[in-house]
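Commentary on secondary and tertiary structure
Next come the chains, spelled out residue by residue.
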Amino acid sequence: MRVFFNAIVIQILLNAYIYWRGRQALPNRKFIQIPFALIFIFELLVYFVGYFGSHRLPFEYLHDLTWIGTSWMIFIIYTGSLLLIYDLFRFINKKKKIFPPSVDLQNKKLRLSYFCMSLLVVLSSMAYGNYKFRHPVVKELDLTINKYSPEVKELKIVVAADIHVGYLIDRDILKMYVDKIMEQKPDMILLVGDIIDYDLKSVREQKMEGEFKRLSAPYGVFASTGNHDYIQLAEEEENEKIKWLRDESGLTLLQDTAVFIANSFYVVGREDDKCLTRKPLSQIMQRVDRQYPIIVINHEPHRLQEEVAAGADIALYGHTHDGQVFPNNFLVKRLYELSYGYKKKDNTHIYVTSGLGLAGPQYRIGTVSEIMVLNVKFDK
């Protein structure tokens, strides 16, 4: 309820501000002003219908309503910010006269030009951001692990995180993800948490397990949990999403579990921080023989030192989305030791992926959707 309250307050305030400024800037003609007002009324109706009807509407309608609502949120945040910048300069100029007399920020033509330019910049950025989201990049990283691996000397690992299947990341998008992952011809696939978005209903309605079951690799397809996988509906007695991932998805879900693969290396999957029974990594690895390579998948990159201290050779994370949209990509850098990319810490190779899917608006502005390919050599 608190999240909804905050969101609706932002919606109302920003919508009212943008509408007010747009009404002042646009020509006072009914054929312009009336459609302009109807756009804002329609969007608020979409927001309320989408929120209150989320468990009543069929998937097709809810998918479209959610896409419109989340896209509008990006639109009003960016547009509102640009208009606030204009008003800020107008206020400063009124007090300090920072612009020459020829530049009148109260001039209606200038305000109209700036308003139209703001719309053009925002809509162009959103179009490009949606294109970036729908065209994930494939990045490669070569790593050498100086450990003994009896039967496996080279390993091609495909890493993806934050798929967020649900109302927005539908089966068609998931199919594209699976196709792109399988194109890499992986030896092993690792999905690092947040596989499901908020709700299991749309996942079941679309029979998404059929797409996940197309993922295959010689050394297995493993997944760890993420914070979204633990978002639970109040009426559920147990987390249905975790049960679905464990029993129906076709993935091997590692919940604070270590597996020894091909008598050569370990994969350790950690529970997300939201799991109330999450174990310390040192406890999970009590029976892990550290003479063999160890790969740890752990959704949230809060405490990198824990994997380093436990002797992980490769530690993989997601969660941050690299901020998802500008300027959040700069803000998340202050929140994490490593918010995106590669880092070597002591003997541990660390990679935080920006994720493949998204939570909420389907835009990558200043960031990328990515599949990570690790070309690993074991050499001792």
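An account of the accompanying structure is given in this report. (Residues numbered from 1 in each chain as written. Predicted model: local features only at pLDDT ≥ 70, side-chain atom pairs only at ≥ 80, totals over all residues. Heavy atoms only, no water.)

On to the overall build of the protein, then. Each helix and strand in the protein was counted, giving 11 helices and 12 strands. Taken along its principal axes, the extent of the C-alpha atoms in the protein is 75 × 50 × 35 Å. Look at the contacts in the protein between residues 6 or more apart in sequence, and 76% of them connect residues 24 or more apart. For the protein, the accessible area works out to roughly 18,700 Å², and carbon and sulfur atoms hold 59% of it. Distance between charge centres in the protein, computed from 47 positive and 43 negative side chains, equals 11 Å. (Helix = DSSP H or I, 4+ residues; strand = E, 2+ residues; numbered from the N terminus. Contact = heavy atoms within 4.5 Å. Areas by Shrake-Rupley, 256 points an atom, 1.4 Å probe, with all protein chains shown as cover. Lys, Arg positive; Asp, Glu negative; His and termini not counted. Charge placed at Lys NZ, Arg CZ, Asp CG, Glu CD.)

Take S224: it is sitting in strand β4 (residues 221-224). Overall, S224 belongs to the buried group, its relative accessible area being 0%. If sequence neighbours within four positions are ignored, S224 has contacts with L191, V192, G193, I195, D229, L253, L254, R270, I297, N298 and H299. (Buried < 20%, exposed > 50% of the residue type's maximum accessible area, 1.4 Å probe, protein only.)

Our focus in this paragraph is empty space enclosed by the protein. Scanning all chains against the criterion turns up 1 cavity of 30 Å³ or more. Taken as a whole, the largest cavity encloses approximately 100 Å³ of empty space. Lining the largest cavity, in full, are R21, Q24, A25, L83, Y86, D87, R111, Y114 and F115. Listed by contribution, the elements that provide at least two residues to the lining of the largest cavity are α1 (2-25), α3 (59-96) and α4 (108-134). Among the residues forming the lining of the largest cavity, the class breakdown is 5 nonpolar, 1 polar and 3 charged. (1 Å grid on protein atoms, 1.4 Å probe; cavity = no way out; pocket = protein on both sides within 12 Å on 5 of 7 lines; lining within 4 Å. Points joined across faces, edges and corners; volume = space filled by probe spheres on them. Nonpolar A, V, L, I, M, F, W, Y, C, P; charged D, E, K, R; others polar.)

As summarised here, the arrangement of the 6 strands in space is β6-β7-β8-β9-β11-β10, forming an open sheet in which the pairing is mixed. A single partner strand is all that each edge strand has here, and the edge strands are β6 (257-261) and β10 (341-345). Taken over all neighbouring pairs, the strand axes of this sheet differ in orientation by 15° on average, direction set aside. Alignment of strand β9 (residues 314-317) against strand β11 (residues 348-352), held across 4 bridges, turns out to be parallel. Within β11, the residue paired with A315 across the bridge is I350. (Pairing = 2+ DSSP bridges. Axes fitted to C-alpha atoms, helices over the stretch in contact; angles between N-to-C directions.)

Going through the model one piece at a time under the given rule, you end up with 17 aromatic pairs. Judged by centre distance (5.6 Å) and plane angle (65°), the rings of Y19 and F40 are edge-to-face. With Y19 in helix α1 and F40 in helix α2 (residues 30-52), the pair connects residues that are 21 residues apart, well separated along the chain. According to the relative accessible area criterion, Y19 is partly exposed, its value standing at 24%. Through pairs of rings, three or more aromatic residues link up here, namely Y19, F36, F40, W72, F75 and F115. Sitting above the plane of the W20 ring, R21 keeps its charged end 4.3 Å from the centroid. (Phe/Tyr/Trp six-rings, centres within 6.5 Å; stacked < 30°, edge-to-face > 60°. Lys NZ or Arg CZ within 6 Å of the ring centre and 35° of its normal.)

To continue, consider the sheet that holds strand β3 (residues 188-192). If you trace the 6 strands from one edge of the open sheet to the other, you get β1-β12-β2-β3-β4-β5, paired in mixed fashion. The outermost strands of the open sheet, each flanked by one partner alone, are β1 (137-145) and β5 (252-253). As paired strands, strand β2 (residues 154-160) and strand β12 (residues 370-378) are joined by 6 bridges and run antiparallel to one another. Within the sheet, the bridge partner assigned to E154 lies in β12 and is K377.

Among the nonpolar cores identified, the biggest contains 34 residues, and V165, I181, L191, F212, L215 and L251 are the most heavily contacted of them. For this core, the elements supplying multiple residues, two or more each, are β2, α5 (171-183), β3, β4, α8 (240-247) and β12. Sorting elements by how many residues they give to this core places α5 first, with 5 residues. Apart from the residues within four sequence positions on either side, F212 is in contact with I163, V165, L174, L191, I195, W244, S249 and L251. Core analysis: the second largest hydrophobic core is formed by 25 residues, L143, L155, L190 and V192 among them. (Core = buried A, V, L, I, M, F, W, Y, C linked by side-chain atoms within 4.5 Å.)

We now examine the environment of P327. Along the chain, P327 falls in the loop between β9 and α11 (328-331). By relative accessible area, P327 is classed as partly exposed at 40%. On a C-alpha basis, the gap between P327 and K241 in space is 32 Å, while along the polypeptide they are 86 residues apart.

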